[in-house]
Amino acid sequence: MTETATSAPRVGIRPWVMLGLGTLAQTAATIVLSTPAFLIPLLHTRQGVPLSTAGLLASSTTIGMVLTLVAWGALADRAGERWVISGGIAAVAVSTGAAALTAENFAALTVFFVLAGMASASANAASGRLVVGWFPPRRRGLAMGIRQMCQPLGVAVAALVVPPLAESGGVAAAILFSTAVTGVLAVVCALVLRDAARSPHATAAPVAAGNPYRAGGTLLRIHLVSILLVVPQFTISIFGLVWMITEFRLPALAAGAIVGLSQFVGAVGRIGVGVWSDRVGSRMRPLRLVAFAAVASMVLLAVLDLVHSPVAIVLLIVATTISVADNGLAFAAVAEIAGPRWSGRALGAQNTGQYLSASIVGPVMGLVIGVGGFPAAFLAAAACALVATPLVPAAGDGAPGTPARPRLLDKSPWRRASRAGG
């Protein structure tokens, strides 16, 4: 049956299995990336580590990611997703195990977290390519929304598990949880995962391998928008826990539960905006509205914090949901515009920019909080989202078509590859 702009094709069971594995692999990697941030309360309140120094440790995994994301993406373009994901996650398990063994040495701990971040980039770059390759255009918003649940879900798991483990067993015990999770996922992915080349949407004929960055500035604009919108997201995810503990005197367990709840709500929100983008036939229109909402929520969070209103804690859940909603939209658009020959590298570049920005958020916002308090950090994050809003490309500009212009869907290189394959 020919796909139309108003009907979504049926999808068999295998794409959903691939989606599930890709999501689980990236969730495991996100747990590792988030673990240092949830060690901050222990390091800051018990060991007297300054927030700027603790923020550097929190950013160590993202620093590692930005060094290897494009390389992992290029490898996925050439070798497929199965061994890139399973091998990279196995390397994460080894790195976090070494980090646990050297947990008392701050310098060694930071180095091994950097190595873990370098390895975890494999799942980040390859799983997005896997999902887009296994799903047709009119299911990709939903599929990528589910896949993008991995980030808030990973943060939620880390928020619920790491602080109690750190409190009861110390830093090493908290890190070993990540080692166990990634070790199991590495084995499962190696046994079950299959490359997107086996998808019915893969091409059996040659597909043009031209550089999509030479076709216009749409990809670069999406990258820049995502870089800016990462600032509110990571400001909340890195400092939200310590904000509730120090500003509102919440117990660490209660604060962790709130962070976990907010991340879970954010994960569900990603699916919602993904379905929304499928329905309206555009990734960019929802993305622009998400950017506006991020500005409003961060400004309001700063105001409520200034008056020390407990409503700010409720708003934190709303702001978290909004701040993570853009990722799936941008990911799907980048992969669709880049096409099957370049999606791994384009998604690697997308993540490189995001995590480079995220790695700066920890130490910089730590300094901002030290000078002007948490409201100043929230306002700075709002300013970044405000700059992003006019940079969002026009609806339909390189993205799936709007209902009024349904044939724009056919411009996706993935769609052309599907037709070339019969």
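Below is a summary of the structure that appears in this document. All values derive from a computational prediction rather than experimental measurement.

The rules behind the values
- Residues numbered from 1 in each chain as written.
- Predicted model: local features only at pLDDT ≥ 70, side-chain atom pairs only at ≥ 80, totals over all residues.
- Heavy atoms only, no water.
- Helix = DSSP H or I, 4+ residues; strand = E, 2+ residues; numbered from the N terminus.
- Buried < 20%, exposed > 50% of the residue type's maximum accessible area, 1.4 Å probe, protein only.
- Areas by Shrake-Rupley, 256 points an atom, 1.4 Å probe, with all protein chains shown as cover.
- Salt bridge = Lys/Arg side-chain N within 4 Å of Asp/Glu carboxyl O.
- Phe/Tyr/Trp six-rings, centres within 6.5 Å; stacked < 30°, edge-to-face > 60°.
- Lys NZ or Arg CZ within 6 Å of the ring centre and 35° of its normal.
- Lys, Arg positive; Asp, Glu negative; His and termini not counted.
- Contact = heavy atoms within 4.5 Å.
- Patch = residues over 30% accessible without salt bridge, like charges linked within 9 Å, V, L, I, M, F, W, Y side chains within 5 Å.
- Axes fitted to C-alpha atoms, helices over the stretch in contact; angles between N-to-C directions.
- Parallel < 35°, antiparallel > 145°, perpendicular 65-115°, else oblique.
- Left-handed = near helix turned anticlockwise from the far one by under 90°.
- Nonpolar A, V, L, I, M, F, W, Y, C, P; charged D, E, K, R; others polar.

### Points about the overall build of the chain
Next, step 1: Within the chain, the regular secondary structure consists of 16 helices and 0 strands.
Next, step 2: Within the span of the chain, comprising 422 residues, buried residues form 60% of the whole.
Next, step 3: As displayed, the chain has an accessible area near 15300 Å², and 69% of this comes from carbon and sulfur atoms.

### Regarding the pattern of salt bridges
Next, step 1: Evaluation of the coordinates by the stated rule reveals 5 salt bridges.
Next, step 2: Measuring nitrogen to oxygen at the nearest pair gives 2.5 Å for the salt bridge that ties Arg-129 to Glu-81. In this pair, Arg-129 sits in helix 6 (residues 106-134) while Glu-81 sits in the loop between helix 4 (60-79) and helix 5 (82-101), placing the two residues 48 residues apart along the sequence.
Next, step 3: Accessibility expressed as a relative area gives 0% for Glu-81, which makes it buried.
Next, step 4: Taking the shortest distance from any N to any O, the salt bridge between Asp-278 and Arg-283 comes out at 2.9 Å.
Next, step 5: Under the relative-accessibility criterion, Asp-278 is labelled buried at 10%.
Next, step 6: Under the relative-accessibility criterion, Arg-283 is labelled buried at 1%.

### Details of the packing of aromatic side chains
Next, step 1: Scanning all chains against the criterion turns up 5 aromatic pairs.
Next, step 2: Where Tyr-213 meets Trp-342, the ring centres are 6.5 Å apart and the plane angle is 70°; that geometry is what we call edge-to-face. Of this pair, Tyr-213 sits in the loop between helix 9 (171-192) and helix 10 (218-247) while Trp-342 is found in the loop between helix 14 (326-338) and helix 15 (343-388), placing the two residues 129 residues apart along the sequence.
Next, step 3: Residue classification places Trp-342 among the buried positions, given a relative accessible area of 16%.
Next, step 4: Residues Trp-243 and Phe-378 carry aromatic rings whose centres are separated by 5.6 Å and whose planes lie at 85° to one another, so their mutual orientation is edge-to-face. Placement of the pair is Trp-243 in helix 10 and Phe-378 in helix 15, with a sequence separation of 135 residues. This pair shows no difference in class: Trp-243 is buried, exactly as Phe-378 is.
Next, step 5: Here the aromatic cluster, defined as three or more aromatic residues joined through ring pairs, consists of Trp-243, Phe-248, Phe-374 and Phe-378.
Next, step 6: Above the face of the Trp-342 ring, Arg-345 is positioned so that its terminal group lies 4.2 Å from the ring centre.

### As for the side chain of Asp-305
Next, step 1: Along the polypeptide, Asp-305 turns up in helix 12 (residues 284-306).
Next, step 2: No salt bridge is formed by the buried Asp-305. Its closest oppositely charged neighbour is Arg-249, at 11 Å.
Next, step 3: With near-sequence residues (within four places) excluded, Asp-305 lies in contact with Trp-243, Glu-247, Phe-248, Ala-312, Phe-374, Pro-375 and Phe-378.

### Points about a nonpolar patch on the surface
Next, step 1: Taken together, the side chains of Ile-13, Trp-16, Val-17, Val-184, Val-187, Val-188, Leu-191 and Val-192 present a nonpolar region at the surface, about 690 Å² in accessible area.
Next, step 2: When contributions to the nonpolar patch are tallied by element, the ones reaching two or more residues are helix 1 (13-34) and helix 9.
Next, step 3: When residues in the nonpolar patch are grouped by element, the largest group, 5 residues, is from helix 9.
Next, step 4: Turning to its location among the elements, Val-188 is positioned in helix 9.
Next, step 5: By relative accessible area, which is 32% here, Val-188 ends up partly exposed.

### Let's talk about the packing of helix 1 against helix 8 (residues 150-169)
Next, step 1: Packing of helix 1 against helix 8 brings their axes to within 7 Å, and their N-to-C directions diverge by 50°. Between helix 1 and helix 8, the crossing angle belongs to the class labelled oblique. The way helix 1 lies across helix 8 gives a crossing that is right-handed. Facing Thr-23, Gln-26, Thr-27, Thr-30, Ile-31 and Ser-34 of helix 1, the residues of helix 8 in contact are Cys-150, Gln-151, Leu-153, Gly-154, Val-155, Val-157 and Ala-158.

### Let's talk about the packing of helix 11 (residues 252-280) against helix 12
Next, step 1: At a closest axis distance of 8 Å, the pairing of helix 11 and helix 12 adopts a crossing angle of 135°. Viewed along their axes, helix 11 and helix 12 adopt a mutual orientation that is oblique. For the pair helix 11 and helix 12, the contacting residues are Trp-276, Ser-277 and Val-280 in the first and Arg-285, Pro-286 and Leu-289 in the second.
Next, step 2: In the contact of helix 11 with helix 12, the residues fall into 4 nonpolar, 1 polar and 1 charged.

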